[in-house]
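What the coordinates show
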Amino acid sequence: MRAFSSPNGVKIQPIHRRSPTFLLLGKLFSDSESIQTRAEAAVLLKQLDFPVESLKVRLLEKLAQSLVDLQLKTEEISNGSVDSKDSSKEGSPGLATAAAHEASVHEFVEAVRAYCVIFPDSEKQLVKLAQDLVTKHFETTEEYVKKRICSADLLRVFRIIWTDVLLMDEVLHEAALPNYSLEAAKVAVKQYVASTFSHLLHDISDALTKVHVRQKKGGEEYSLQVVLEASKKAVLQGSMDVLLDFRQILEDNLELLVKLKDLIIDLVQEGFQDFFRALDDHFLLLSGKNNSPSQDQGLTEGTLGDKAFAGLVLVLAQLSVFIEQTAIPRITEEIAASFSGGGVRGYEYGPAFVPGEICRIFRSAGEKFLNLGEGGRGVESRVEGKHKEPREVHMFVDLFLQELEAVGREVKQILPQGLRRHRRNDSNGSTASSRSNPLREERLTQSNTQRARSQLLETHLAKLFKQKVEIFTKVEYTQESVVSTIVKLFLKSLQEFVRLQTFNRSGFQQIQLDIQFLRTPLKENVEDEAAVDFLLDEVIVGASERCLDPIPLEPPILDKLIQAKLAKTRDQIPIAS
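Identification of the protein as Vacuolar protein sorting-associated protein 51 homolog from Fagus sylvatica is taken from an unreviewed UniProt entry. For the record of the protein, the UniProt heading Sequence similarities (unreviewed entry) holds the text "Belongs to the VPS51 family." As recorded by UniProt, the Subcellular location (unreviewed entry) comment attached to the protein reads in full: "Golgi apparatus, trans-Golgi network".

What follows covers the confidence of the model for the protein. Overall, the prediction assigns the protein a mean pLDDT of 76, with 69% of residues at 70 or greater. Confidence drops under a pLDDT of 50 for residues 1-13, and excluding neighbours within four residues, the segment shows 27 contacts in the predicted structure. When the criterion is pLDDT under 50, residues 422-453 qualifies, and its contacts beyond four places in sequence or with other chains add up to 55 contacts.

Turning next to the environment of Ala-39. Relative to the elements of secondary structure, Ala-39 occurs in helix α2 (residues 35-47). Expressed as a C-alpha distance, the spacing of Ala-39 and Arg-113, which sit 74 residues apart in the sequence, is 8.7 Å. Once residues lying within four places of it in the same chain are set aside, the contact partners of Ala-39 are Glu-110, Ala-111, Ala-114, Tyr-115 and Ile-118.

On to the packing of aromatic side chains. The full count for this structure, using the stated rule, is 11 aromatic pairs. Taken together, a centroid distance of 6.3 Å and an interplanar angle of 80° make the contact between Tyr-192 and Phe-246 edge-to-face. Of this pair, Tyr-192 sits in helix α9 (residues 177-208) while Phe-246 sits in helix α10 (residues 224-250); the two residues are 54 residues apart in sequence, bridging distant segments of the chain. For Tyr-192, a relative accessible area of 1% gives the class buried.

Here we take up helix α20 (residues 505-525). The end-to-end C-alpha distance of α20, which contains 21 residues, comes to 31 Å, matching closely the 30 Å that a straight helix rising 1.5 Å per residue would cover. At Arg-519, α20 shows its largest bend, some 35°, and a proline, Pro-521, comes one to four positions later. By the criterion of burial, α20 is predominantly enclosed, with 16 of the 21 residues buried. Capping the start of α20 is the job of one residue whose side-chain oxygen sits 3.3 Å from the backbone nitrogen of Ser-506: Asn-504.

Procedures and definitions
- Residues numbered from 1 in each chain as written.
- Predicted model: local features only at pLDDT ≥ 70, side-chain atom pairs only at ≥ 80, totals over all residues.
- Heavy atoms only, no water.
- UniProt positions renumbered as here; feature names shortened; annotations may be inferred.
- pLDDT = per-residue confidence, 0-100.
- Contact = heavy atoms within 4.5 Å.
- Helix = DSSP H or I, 4+ residues; strand = E, 2+ residues; numbered from the N terminus.
- Phe/Tyr/Trp six-rings, centres within 6.5 Å; stacked < 30°, edge-to-face > 60°.
- Buried < 20%, exposed > 50% of the residue type's maximum accessible area, 1.4 Å probe, protein only.
- Expected span 1.5 Å × (residues − 1).
- Bend = angle between axes of the 7 residues up to and from the residue.
- Polar contact = N/O pair within 3.5 Å; in protein donor to acceptor, adjacent residues only side chain to side chain.

Below, the structure written as C-alpha cells:
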C-alpha cells in the first residue's frame, strides 16, 4: 500500500501497488510516457473517481515542460529537417524529424483536449501554453531570417507553424491562435524583407569594392569596366531576383500569407524606397562624402588607395546614371505589374515607392561623383620660387602627364567619347592667339622690369574686358569632358600656387618653360582648347606678377630646351620587340 498527497497538501487514501489507480498514477507522472498517454491516464483516473483536481497544478507544469520538445529548432529548419511537405517523399532526410514533430504536436493537442475535459477551469492556463508555443515558433523564425534565406525557406517554416496553429485551434478555439499568429507573422515578414534588402546592399558593395583589388589567385587586377558591369548586374539583376522572391511569397496560397497580402505589397514598395536611399548614402560613404557612424561597418571594410578611390568615384558616377536611367524604370515596371495595391500604411502618407524621387537622388549623385572624381585627381606642384637658370622641364610636369594618362585609361573603360569643341584657330579670337602676338613678346623682353610688369597687367585686364572665355562648364558623362575638367582644375590650382610665391628671373623662366612644354600634350587630351590656352597663359601672367625681373627666355632657347625634353622622352619609350 502507498499513500499519495496532492500538491495542495490534501491527503489521498492509500492505494495498492497493483491496483489500476496506482498504475495509472505511475503513467501520469512518468517522464518516459508521452503527453497523450499521460492525458489518457488522467481521464481514466477521473472515471475511477480519483480526485485528479488535486493534481492539476503538477499536470499543467508537466505539460508546460513538454513544450520545449515542440519548439522549432534553428538548426532543424536551416537544413530542412522539419518540413511537412518534403517529409512525404520516401527517403527524405528530414522524414524522421518531420514525423516526430508532427506526432509531438498531435500528442500535445490531444493532451489539451483531455485537460479541457478534466479541468474545465484550466482554459486560461492552456491558452497561455498554446500562445507561448506559437511565440517560440516565431522567435525561432525571426532568428532564422537573419541568415541569407530564400522565399522557399520562409514559406516552409510558415507552413509548419500554420499547421501547428490549426491543429491547436481545433481544441482551443478560445486562444484565437490564427489571429495571434497573424500578428507575429507580420513581424517576421517585415524582418525578412529588411534582411533581404540588407543582403542586396552588401552584394552591390562587394562588387564596387573590387576596384583595383588584386585577386588572391592569379594576381589579376580588376578593370573599371569589369567592376562597373558587375555593379550594374548586382543592382539590376539583384533587384529583379529580390522582386521574384517577394512575388513567390505574395502569390502563395497559405492562408496566413493571403491575409498579409496588402502588408507585403506595402513592405516591398517601402523597402525599395528605403533601399535606394540607403544605397545613395552608401555611395556617399564610399566616396568619402558621408562619414556617418550609423553606417554598417561591414560595408566599408578595407581602405582604398588614392588611385583606387579615383577609379571608384568614376564607377559610382556611371552606376548612378545607370540606376536613374535603367534600373529604376525596370523596377517600377515590375512593381506596377506584381505589387500594385497595398494601402495598409494609409493613403494620407502617399505612395510607398516614388521612382521620381529616387531618379532625382541618383541624377544628383552622378553629377556629384563626376565632379568629385575630377577633384580627386591632384598632383602636388613642386615649383620653387628661387631657381637656377632653367636647363630642362621640371619633374612635376612629368608627374602630372603620367597621372593624366592614367586618368585617360580609366575613363576610357567606363565613359563614352564625346565631341571635341572650342577648337583653336587664329581667326576666332581665342586667348592663345591674342597672347602669342608680337606685342606680348615685345613687352616681355623690355629691360625695364617695372614697365614689363605694368604692361603684363594692362594686357591681362584688357583681355578680360574684350573676351569672355567660359572656363568651367558643366561636366558631361564623356571621356573628353572629364579629362578636360581635370586639366582645368590642375592649371587653376597651379595658377593659385604661383600667385602665392615670389620668383627670381630664373624661377619665372622655369615656369615659362614648363607651361610651354605642357601646351601641346594638354591640348591633345582636352575638348576645350581655348579655355586650356587661357589658363596656361594665366599661370605665366601670375608668375610674372610675382617676379621682380620677369624677363622671358628667348624663343630659340625655349625651343631648344623643349626639343631636348622631347628627344629625352622618346629615348625613354621602350621599343616593342
